[in-house]
Amino acid sequence: MDPRALASDQLRSGEHLLWVGQSDPRKLFTGRDGFLIPFSLLWCGLLTSMMIPATIADGPSFAWVLGSVFVLVGLHLLVGRFLVKRHRKRTEVYAVTDRRVFITNGRSTRETDVRRTDRNVQWTRDRTHCSVQWETGNSGARAFFGGNSVQTIYANTGLDGFFGPRTTAFWDVPDGDALVSALDGASVR
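Procedures and definitions
Residues numbered from 1 in each chain as written. Predicted model: local features only at pLDDT ≥ 70, side-chain atom pairs only at ≥ 80, totals over all residues. Heavy atoms only, no water. Pairing = 2+ DSSP bridges. Helix = DSSP H or I, 4+ residues; strand = E, 2+ residues; numbered from the N terminus. Axes fitted to C-alpha atoms, helices over the stretch in contact; angles between N-to-C directions. Core = buried A, V, L, I, M, F, W, Y, C linked by side-chain atoms within 4.5 Å. Buried < 20%, exposed > 50% of the residue type's maximum accessible area, 1.4 Å probe, protein only. Contact = heavy atoms within 4.5 Å.

We now examine the sheet that holds strand E2 (residues 93-97). The strands making up a sheet associate through backbone hydrogen bonding, with each pair oriented either parallel or antiparallel. Spatially, the four strands line up as an open sheet ordered E1-E2-E3-E4, and their pairing is antiparallel. Strands with a single pairing partner mark the edges of an open sheet, and in this sheet they are strand E1 (17-21) and strand E4 (109-113). Neighbour to neighbour, the strand axes of the sheet diverge by 15 degrees on average, direction disregarded. Across four bridges, E1 lies against E2 in antiparallel orientation. Across the sheet, residue Trp19 finds its bridge partner in E2, namely Val96.

General note: in soluble globular proteins, nonpolar side chains tend to be found buried as a group. Formed by 19 residues in total, the largest nonpolar core has its most connected members in Trp19, Tyr94, Val96, Val101, Phe170, Leu179 and Leu183. For this core, the secondary-structure elements that each account for two or more residues are E2, strand E3 (100-104), strand E6 (130-134), strand E7 (169-173) and helix H5 (176-187). When residues of this core are assigned to their parent elements, the largest contribution, five residues, is made by H5. The contacts of Val96, once residues within four sequence positions are left out, are His16, Leu17, Leu18, Trp19, Val101, Val114, Phe170, Leu179, Ala182, Leu183 and Ala186. In this structure, Ala7, Leu17, Val20 and Ala95 belong to the second largest nonpolar core, which totals seven residues.

So, about the sheet that holds strand E5 (residues 119-123). Taken in spatial order, the three strands of this open sheet run E5-E6-E7, and their pairing is antiparallel. The sheet is open, and its two edges are formed by E5 and E7, each paired on a single side. With direction set aside, neighbouring strand axes in the sheet form an average angle of 15 degrees. With three bridges joining them, E6 and E7 adopt antiparallel strand pairing. Counted as the bridge partner of Val132 is Phe170 from E7. Contacting E5, E6 and E7, H5 runs over the sheet at an angle of about 160 degrees to E5.

What follows is the structure in structure tokens.
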């Protein structure tokens, strides 16, 4: 897949491409995993310890089916979300134009106005990767009780999009200096 060609296919009449890139598929872990991984292990461990005796005791079939559904959810929390995240990083293209920023995989596109100034730019400690996220409107404690909270909490974990629309964000971009430069240049036009 050629990222530039995929982004060019999404351009509108008169729109000019300023920057194209992708997320680094090798970057799978975020700070949120400090909670999600232990929670997933606890979830799977508790379910396993409950399912084994139920299976041995030949308990009711509905309990076994319901337990199996919860085990599948736990396996997705533990492993599946990383597969989803890696797939997204390999198939999604980030683009900055003179009018908008967008994320596309060729089938669907998320976008926002490039002139928005409510973006948050974060660099890794060694400044090798950059992430840019446009604000969703909720922050802090309010994020846990409504609005776009789930978007914020699960952003860039592989669980984003399962509980509502995904945020507009460019995650783990290795060409961060060029990205920020394109965003700054386009936002003052």
